Number of protein chains: 2
Amino acid sequence: MFALVLLSASAFATQQAAPVAIAIHGGAGTLKAADLTDDLKAAYLSKMTDALRTGHDILRSGGASVDAVVATVEVLEQSPLFNAGIGAVMTFEGKHELDASLMSGADLQAGAVSGVTTVGSPIRLAHTVMLQSPHVMLAGPGAEGFARSIGMPAVDNTSFTTPRRAEQLQRVKERINARISARTDLEQRVPPHKWGTVGAVALDRDGNLAAATSTGGMTAKRWGRVGDSPIIGAGTFADNRSCAVSATGHGEYFIRFNVAADICARVRYRQATIGEAAQQVLFDELLPVGGTGGVIVINPRGDIVMPFNTPGMYRGAIDTDGNLQLGIFKQSEEQ
Amino acid sequence: MFALVLLSASAFATQQAAPVAIAIHGGAGTLKAADLTDDLKAAYLSKMTDALRTGHDILRSGGASVDAVVATVEVLEQSPLFNAGIGAVMTFEGKHELDASLMSGADLQAGAVSGVTTVGSPIRLAHTVMLQSPHVMLAGPGAEGFARSIGMPAVDNTSFTTPRRAEQLQRVKERINARISARTDLEQRVPPHKWGTVGAVALDRDGNLAAATSTGGMTAKRWGRVGDSPIIGAGTFADNRSCAVSATGHGEYFIRFNVAADICARVRYRQATIGEAAQQVLFDELLPVGGTGGVIVINPRGDIVMPFNTPGMYRGAIDTDGNLQLGIFKQSEEQ
């Protein structure tokens, strides 16, 4: 009798528990399937699974969506596979300048850092800016000073370097003629190497959405270039009244078209579904002018879409039924 | 007969000329009318008139709205009365870190710089970033490097200093207990001193909108704090399909609420008037959570609104009929 009661209570609790869901991306771009070895592909799928499970465990145990997206993005930052934290691309000067941002859909609180060079987890620093400062965005050496003031240890900038990124920089620099003027130099720059920006969006049991994004930016970037990843409204946006979005792609277009916030605005003001809104922005606004990339989007029901207008986007989700889905190219990968 | 024909042609040309209009702000805040001497008030009204006429002359002679807002904002940057360029507020360390951005409504091109310290006109540099680089946003020392690479001379950081701003910093620093922890320090900071961010929005004869914003940020700011002024979507946005907006106020709120782009989204997706959209964002979204400030907005018909949820906002406009209007407190000033 007792056992029966307990079972019923348990079944009841499972039925009643509000849904949780999470999605991630690891960058969008033009990688060809043929260039991805089986080993490397397996490594990507495995790390994406780790990241998703890290966040999903937090959500399942009643944790906040903000904490879930931060922990998830940190797993991706610590992997050399992605262009964020360890494995970040290198600047023209051979260093790493890292950007990250996050946003809470319940109260529109947000935190962002740009151009940090000695912070082990940029997304953790962005989270701390949100929690412990009256500011939303801190940049450069000032942001490092803030990190030190709250006791975050300095890591050596070279700790982010991987052989692959050093080779990429070398290849890109060889294609830049150092003697031409700044303007021509910029115009002749090879197409941006920006596969690998990472991000996460999540819905927690309290019905709150969150989004987080972290990146090393563009290979051989110069002049303190800031892309969309640390810009609230461009690379990251979350509002419980519409959706949460993390973007990856050619950052300049994503800033100009206010991509993350525009998707949420179409949901909020036009009653578009997240699928319609994301398609419209990626294919009707961005693609005609050459803006390439993708987004992950979640709404308060836990629906998830992960569209992109590039040949591929590293992506994955655990939906409200607990089903894991991973993808790199147009079709989903079996897992 | 000839004279008659010429007169008719002239009248016809005047009638047919597409409308032009321009609006500016010089910051919003809590200044009391009693604190503003007659002399100082006259100086503000005179400089705002200069700035408006500079932009309006460009528009009237068929110039582009982007050129008009840049020239207008530069007049305000060069005046010690406003918190931008000369007269910019000082950081905690007693320096000036300047931010600016602009956007073209015809093609959603944009340019932005943040944390520049040796650039005479931050809005000119933002304009050059838009025209001569493939990037939208450059920050800090990198942005200075870009300025040098295109031949922009370095100015001494002290050239922006005015006695009033040095006194303001002294007062603010006296109220910050240097011995408390970083967190408490931040929380106990006195209300932001941020009167004086400047901006302009304009409509040109081709029907193109533009917006521009420039600021020194917040007195005693630290840690490379970035406010809304250099953030496309937050402090500046322009889209011919809706409107152009330049904002001023407590920057953190304006970033989180994506203020400039949200006003445009409500116009585009909800068919709100610019007056309705700006009122909704300032009074329904920002004010309930303590977000104070104001915006100037123009639409493709040349309608202008300049609402604020603070006691005052330096503001002015020349409308499509050529009428000049100026204001500081709730009611417009006679000119």
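Residues numbered from 1 in each chain as written. Chains lettered and ligands numbered in written order. Predicted model: local features only at pLDDT ≥ 70, side-chain atom pairs only at ≥ 80, totals over all residues. Heavy atoms only, no water.

*Asks:* Explain the overall build of chain A to me, please; I cannot follow it from the model alone.
*Replies:* Secondary structure summary: chain A contains 10 helices and 14 strands in total. Looking at chain A residue by residue over its 335 residues, the buried ones come to 60%. Residue pairs at least 24 apart in sequence account for 68% of intrachain contacts in chain A once pairs closer than 6 positions are excluded. (Helix = DSSP H or I, 4+ residues; strand = E, 2+ residues; numbered from the N terminus. Buried < 20%, exposed > 50% of the residue type's maximum accessible area, 1.4 Å probe, protein only. Contact = heavy atoms within 4.5 Å.)

*Asks:* Which parts of the structure should I look at to understand the sheet that holds strand E9 (residues 244-249) of chain B?
*Replies:* Sheet strands line up and pair through hydrogen bonds in the backbone, either parallel or antiparallel. All names here are of chain B. Strand order in this open sheet of four strands is E8-E9-E10-E11, and the pairing throughout is antiparallel. Whereas interior strands pair on both sides, the edge strands pair on one side only; in this sheet they are strand E8 (236-238) and strand E11 (304-305). Looking at chain direction, strand E10 (residues 293-298) and E11 are connected through two bridges and run antiparallel. Counterpart to Val 297 in the pairing with E11 is Val 305. Strand contacts of helix H9 (residues 259-270): E8, E9 and E10, with the helix running at about 30° to E8, the strand carrying the most contacts. The strands touched by helix H10 (residues 274-286) within the sheet are E10 and E11, with E10 carrying the most contacts at an inclination of about 160°. (Pairing = 2+ DSSP bridges. Axes fitted to C-alpha atoms, helices over the stretch in contact; angles between N-to-C directions.)

*Asks:* When you look at the relation of the copies chain A and chain B in this model, what are you seeing that I'm missing?
*Replies:* There are two copies of the chain, and a rotation about an axis plus a shift along that axis relates them. The two copies are related by a screw motion: chain A maps onto chain B through a turn of 180° and a shift of 0.0 Å along the axis, at an RMSD of 0.0 Å. The relationship between the two copies is best expressed as a two-fold rotation axis. (Least-squares fit on C-alpha atoms with pLDDT ≥ 70 in both.)

*Asks:* Explain the confidence of the model for chain A here, please?
*Replies:* Any residue range with low pLDDT should be treated as having predicted coordinates unsuitable for detailed reading. Residues and elements named next belong to chain A. Looking at chain A, pLDDT values average 89 and 88% of them are 70 or higher. Here residues 1-13 is a poorly scored stretch, pLDDT under 50, and it has zero contacts once near neighbours within four places are set aside; other chains count. Low pLDDT, under 50, characterises residues 177-193; the predicted model gives this stretch 31 contacts beyond four residues in sequence or across chains. (pLDDT = per-residue confidence, 0-100.)

*Asks:* Which parts of the structure should I look at to understand the pattern of salt bridges?
*Replies:* Opposite charge on two side chains lets them pair, provided their charged atoms get close. Applying the stated criterion across every chain yields a total of 22 salt bridges over all chains. Arg 60 of chain A is the partner of Asp 57 of chain A in a salt bridge, and the nearest nitrogen-oxygen pair spans 3.1 Å. Pair noted here: Asp 57 of chain A and Arg 60 of chain A are both in helix H2 (residues 38-60), with a separation of three residues, about one helical turn. Between Glu 285 of chain B and Arg 266 of chain B there is a salt bridge, and its shortest N-O distance comes to 3.1 Å. Here Glu 285 of chain B, found in helix H10, pairs with Arg 266 of chain B, found in helix H9; they are 19 residues apart in sequence, far enough to count as distant. As far as the burial class goes, Glu 285 of chain B and Arg 266 of chain B line up, both buried. Salt bridges linked by common partners bring Asp 239, Arg 241 and Arg 268 of chain A together with Asp 262, Arg 266 and Glu 285 of chain B together as one network. (Salt bridge = Lys/Arg side-chain N within 4 Å of Asp/Glu carboxyl O.)

*Asks:* What's the story with helix H4 (residues 122-132) of chain B in this structure? I'm lost.
*Replies:* Every α-helix winds through 3.6 residues per turn, so residues three or four apart in the chain are directed the same way. Of all 11 residues in H4 of chain B, eight are buried, a share of seventy percent or more. Every buried residue of H4 of chain B is accounted for by Pro 122, Ile 123, Leu 125, Ala 126, His 127, Thr 128, Val 129 and Met 130 of chain B.

*Asks:* Could you clarify how one ought to interpret the sheet that holds strand E11 (residues 304-305) of chain A in this entry?
*Replies:* Residues and elements named next belong to chain A. In spatial order, the strands read E8-E9-E10-E11; together these four strands make up an open sheet with antiparallel pairing. Looking at the sheet topology across the chains shown, the edges are occupied by strand E8 (236-238) and E11. Across three bridges, the pairing between E8 and strand E9 (residues 244-249) is antiparallel. Looking at E9, one finds that Thr 236 is bridged to Ser 246. Here helix H10 (residues 274-286) sits on the sheet and contacts strand E10 (293-298) and E11; the angle it forms with E10, its principal contact strand, is near 160°.

*Asks:* Whenever I open this one, the interface of chain A and chain B confuses me. Can you help?
*Replies:* One frequent convention defines the size of an interface as the accessible area lost when the parts assemble. The interface is formed by 47 residues belonging to chain A together with 47 residues belonging to chain B. Both faces considered, chain A and chain B share a buried interface measuring about 4,000 Å² in area, 60% of it formed by carbon and sulfur atoms. Sorting the residues of chain A by area buried against chain B places Trp 223, Arg 256 and Tyr 269 of chain A first, and these three jointly supply 20% of that buried surface. Notably, a salt bridge pairs Glu 285 of chain B with Arg 241 of chain A, separated by 3.0 Å at the nearest N-O pair. Seen at the junction of chain A and chain B, the total is 20 residue pairs in polar contact (both at pLDDT 80 or more). Ranked by residues supplied to the side of chain A that touches chain B, first place goes to helix H9 (residues 259-270) of chain A with seven residues. For the side of chain A that touches chain B, the residue count by class is 24 nonpolar, 10 polar and 13 charged. As defined by bridge partners, strand E7 (residues 225-226) of chain A adjoins strand E4 (residues 137-139) of chain B across two bridges and the pair is classed as antiparallel. Within the sheet, the bridge partner assigned to Arg 225 of chain A lies in E4 of chain B and is Leu 138 of chain B. (Buried area = accessible area lost by both parts, 1.4 Å probe. Polar contact = N/O pair within 3.5 Å; in protein donor to acceptor, adjacent residues only side chain to side chain. Nonpolar A, V, L, I, M, F, W, Y, C, P; charged D, E, K, R; others polar.)

*Asks:* I'm lost on helix H6 (residues 163-174) of chain B in this one. Help?
*Replies:* Residues and elements named next belong to chain B. With 12 residues, H6 should reach 16 Å at 1.5 Å per residue; the first-to-last C-alpha distance of 17 Å fits that figure. For H6, the full list of buried residues reads Arg 165, Gln 168, Leu 169 and Val 172. The buried residues of H6 occupy one face: seen down the axis, they fall within an arc of 100°. When the buried face of H6 is taken as reference, the exposed residues oriented beyond 90 degrees from it are Pro 163 and Glu 174. (Expected span 1.5 Å × (residues − 1). Arc of directions from axis to C-beta.)

*Asks:* I keep staring at the environment of Asp 319 of chain B and nothing clicks. Help me out?
*Replies:* Residues and elements named next belong to chain B. Following the sequence through the fold, Asp 319 ends up in the loop between strand E12 (312-318) and strand E13 (324-327). Sequence-wise, Asp 319 and Pro 19 are 300 residues apart; in three dimensions their C-alpha atoms are separated by 8.8 Å. For Asp 319, the side chain forms a polar contact with the main-chain nitrogen of Asn 323, separated by 2.9 Å.

*Asks:* Help me understand the nonpolar core in this model?
*Replies:* Note on soluble globular proteins: their nonpolar side chains tend to be buried together. Ile 263 and Val 295 of chain A together with Ile 263 and Val 295 of chain B are the most contacted members of the largest nonpolar core, which totals 98 residues. With residues up to four places along the chain from it excluded, the contact list for Val 295 of chain B reads Val 245, Ser 246, Ala 247, Phe 254, Val 259, Ile 263, Ala 278, Leu 282, Val 305, Met 306, Pro 307 and Met 313 of chain B. Formed by 49 residues, the second largest nonpolar core is a distinct cluster that contains Ala 68, Val 73, Val 116 and Met 130 of chain B. (Core = buried A, V, L, I, M, F, W, Y, C linked by side-chain atoms within 4.5 Å.)

*Asks:* Before we go on, may I ask you to explain the packing of helix H4 (residues 122-132) of chain A against helix H5 (residues 140-149) of chain A in this structure?
*Replies:* For any two helices packed against each other, one specifies the crossing angle of their axes together with the interaxial distance. All names here are of chain A. The N-to-C vectors of H4 and H5 enclose an angle of 75°; their axes lie 11 Å apart at closest approach. One element, H4, and the other, H5, form an angle in the roughly perpendicular class. Contacts from Leu 125, Thr 128, Val 129 and Gln 132 of H4 reach H5 at Ala 143, Phe 146 and Ala 147. Of the residues contributing to the contact of H4 with H5, the split by class is five nonpolar, two polar and no charged. (Parallel < 35°, antiparallel > 145°, perpendicular 65-115°, else oblique.)

*Asks:* What exactly am I supposed to notice about unusual backbone geometry here?
*Replies:* Most of the time, phi is negative for any residue but glycine, and the peptide bond is trans. All names here are of chain A. A positive phi angle is found at Ala 220, which is not glycine, with a value near 65°. With respect to the secondary-structure elements, Ala 220 resides in the loop between strand E6 (209-215) and E7. We note that Trp 223 has phi near 60°; this positive angle belongs to a residue other than glycine. Along the chain, the position of Trp 223 falls in the loop between E6 and E7. Residue classification places Trp 223 among the buried positions, given a relative accessible area of 9%.

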